[in-house]
Amino acid sequence: MLSRNEIIEKLKDILVSANDKPIELDNVTEDKKIMTDFGLSSVGMLYMVIAIEETFNIEFGDVDINTFVTLKDVVDYILGKL
Amino acid sequence: MRFVYKKPTKGNMIRVKAGLIYHYGIYIDNNNIIQFGPNPLDESYMGKEKKVMVTDLKSFLKDSKLLVGIPSASEQKKMFKKEEVILNAKKRIGESGYNIIHNNCEHFVYECMFGYKKCSIADLVRKKYRNRNILDVYIKKISNENIKDVYPNTRNKEIKRIKNKKVAQEKYEAWELLRFAIKRTFNMDILDLTFHKSKMGRWYSNKIKFSISHSNDYLMVGVSNKACGVDIEKNKGKEYTDKLKRKVCLKKEENKDFMETWTKKESIFKYLSDGLYNPLKIDISKYETYTSKLNDYTYSICGKLDGLHIYLVENDEAKRL
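Quick look at the structure, then.

How each quantity is defined
Throughout, residues of each chain are indexed from 1 in the direction in which the sequence is written. To read the labels, note that chains go from A and ligands from 1, taken in the order they are written. The predicted origin of the model limits local features to residues at a pLDDT of at least 70 and limits the giving and counting of side-chain atom pairs to 80 or more, whereas totals for whole chains, interfaces and linings rest on all residues. To get the side-chain values, take all heavy atoms of the structure and skip hydrogens and water. To qualify as a helix, a DSSP run of H or I must reach at least 4 residues; to qualify as a strand, a run of E must reach at least 2; elements of each kind are numbered from the N terminus. The cut-offs for exposure are 20% and 50% of the maximum accessible area for each residue type, with area from a 1.4 Å probe on protein chains only; residues under the lower value are buried, those over the upper are exposed, and the others partly exposed. Per-residue and other accessible areas were derived by the Shrake-Rupley procedure at a 1.4 Å probe size, with only the shown protein chains allowed to occlude residues. Here Asp and Glu are counted as negative and Lys and Arg as positive; His is not counted, and neither are the chain ends. Each charge is placed at NZ for Lys, CZ for Arg, CG for Asp and CD for Glu. Pairing between two strands requires that DSSP report at least two bridges joining them. Note on definitions: angles span 0 to 180 degrees between N-to-C directions of axes, and those axes are lines fitted to C-alpha atoms, for helices only across the stretch in contact. Only heavy atoms enter the contact rule, under which two residues are in contact if any of them lie within 4.5 Å. Defined in terms of a 1.4 Å probe, buried area is the accessible area two parts forfeit on being brought together, summed over both. Each salt bridge in this description consists of a side-chain nitrogen of Lys or Arg and a carboxyl oxygen of Asp or Glu lying within 4 Å of one another. Three classes are used: nonpolar for Ala, Val, Leu, Ile, Met, Phe, Trp, Tyr, Cys and Pro, charged for Asp, Glu, Lys and Arg, and polar for all others, with Gly counted as polar. Orientation labels follow simple angle bins: below 35 degrees gives roughly parallel, above 145 gives roughly antiparallel, 65 to 115 gives roughly perpendicular, and whatever is left gives oblique. Note: crossing handedness is left-handed where the near helix turns anticlockwise from the far helix by less than a right angle, and right-handed where it turns clockwise.

1. Some thoughts on the overall build of chain B
No. 1: A tally of helices and strands in chain B yields nine helices and 16 strands.
No. 2: Across its three principal directions, the C-alpha atoms of chain B cover 85 × 45 × 40 Å.
No. 3: Across the 321 residues of chain B, 48% fall into the buried class.
No. 4: Carbon and sulfur atoms make up 49% of the accessible area of chain B, which totals about 17,300 Å².
No. 5: Separation of charge centres in chain B, based on 65 positive and 40 negative side chains, amounts to 5 Å.

Here it is in structure tokens:
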């Protein structure tokens, strides 16, 4: 099973691809807020969610993604699904 | 379904631009539009549970222009009657369970109108994601773990036949790193792939592209959905003779770092996977390569570099380099 660190590394890759603007990978920490700190557009958010589903082979079937505030919320959810 | 600027009528699918996406609803009249969640540009959109709700045209539009859906000829045959569309929408008022990719406002209107879910933007984004270039490269120090069986059996037998223990160890660990890379990058088990060997002695897989290299203490594996080539070499720490440089470098390459040139050419050759290796037939300037150093090693990668990620593997964990 993937470790917490490995999940974060994969999420960093996804955030880079999802974002129109470049982001500093060193600034990607669990306490960062997804919408406000990374400046994801609505399409970027969609890309991120789809990429997470495909990368980790999970489905965000039972949750409203907008309730995820920080990266930690996303990591915790992924770990719970794996 | 195509969308046009026109006056809506009862039962129409309508949409409005909300940033880079569209927000959808079912039109009844200017004071009654049924939508799943508010317009994403609305303050109430973020962080709150979204429900199927009634709104008015002004709140729906948020100062943007209204677009009305015109179904195609084939869609018209499948579409419910307008009264049924409105009834389907009204029945669901108060319903929750919003999900941006599986149950959003576009899914809702299609279900009301046709009985099935559809979301064009999610389909497009998912297609874009699946067609992206993937090029993950994993570098690992040889750890001298015990050689066990590998898959496929033909490769296993090859490794077991090697008399030189050091070479056998390298090949075993390189194949194990490939197994790790396939799992980590594609979330596939190596057992799900089939492998075959070409007449030139190169291994290929049916579902992914890969390239392997080893030098002294280090292994390197590249996995991709497109052609790729990797090479890692230990820096010899001495001057390379002119004679050697002439065998490898084109005139314009002679003044460049020799190990960089050597590894680039090897990675390009593996990327091309074409015939016998002749470095003088490879012009580095014609290919996209990435080169870097790790301790006293030089490595190069050739492939779709816009998808490139490089990892150092230690204790079964891959850390981004």
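That was the structure; now back to the text.
2. Comments concerning the sheet that holds strand S11 (residues 218-224) of chain B
No. 1: Strands sit in the order S10-S11-S7-S15-S16 (chain B) across an open sheet of five strands; the sheet is mixed. Each end of this open sheet is capped by a strand with a single partner; those strands are strand S10 (209-215) and strand S16 (317-320) of chain B. Here the average twist between neighbouring strands, direction ignored, is 25°.
No. 2: Bridge count for strand S15 (residues 308-314) of chain B against S16(B) is four bridges, and the pairing is antiparallel. Pairing of Tyr311(B) across the sheet is with Arg320(B), part of S16(B).
No. 3: Each of S15 and S16 of chain B is contacted by helix H1 (residues 4-18) of chain A, which is oriented at about 40° to S16(B), the strand it contacts most.

3. Re the interface of chain B and chain A
No. 1: At the junction of the two partners, chain B supplies 31 residues and chain A supplies 29 residues.
No. 2: Carbon and sulfur atoms supply 56% of the area buried between chain B and chain A, which totals about 2,700 Å² over both sides.
No. 3: In this structure, the connection of chain B to chain A is made through five salt bridges.
No. 4: Here Glu53(A) ties to Arg126(B) by a salt bridge, and the two come within 3.3 Å at their closest N and O atoms.
No. 5: Elements that contribute at least two residues to the side of chain B that touches chain A include exactly helix H5 (120-130), helix H7 (165-186), S15 and S16 of chain B.
No. 6: Broken down by element, the side of chain B that touches chain A gets its largest block of residues, seven residues, from H5(B).
No. 7: Split into classes, the residues belonging to the side of chain B that touches chain A amount to 15 nonpolar, six polar and 10 charged.

4. Focus on the packing of helix H3 (residues 42-56) of chain A against H5(B)
In a packed pair of helices, the relevant descriptors are the angle between the two axes and the axis-to-axis distance.
No. 1: Where H3(A) meets H5(B), the closest approach of the two axes is 9 Å, and the angle between their N-to-C directions is 55°. Overall, the two elements H3(A) and H5(B) adopt an arrangement that is oblique. As for how H3(A) packs across H5(B), the hand of that crossing is right-handed. Listed contacts from H5(B) to Val43(A), Leu46(A), Tyr47(A), Ile50(A), Ala51(A), Glu53(A), Glu54(A) and Thr55(A) of H3(A) are Ile121(B), Ala122(B), Val125(B), Arg126(B), Lys128(B), Tyr129(B) and Arg130(B).
No. 2: Residue composition of the contact of H3(A) with H5(B), grouped by class: nine nonpolar, one polar and five charged.

5. Overview of the environment of Cys105(B)
Residue and element names in this part refer to chain B.
No. 1: Inspection of the secondary structure puts Cys-105 in helix H4 (residues 105-114).
No. 2: The spacing of Cys-105 and Asn-39 is 66 residues in sequence and 9.3 Å in space, taken between C-alpha atoms.
No. 3: Among residues more than four places away in sequence, those in contact with Cys-105 are Tyr-22, His-23, Tyr-24, Phe-36 and Tyr-98.

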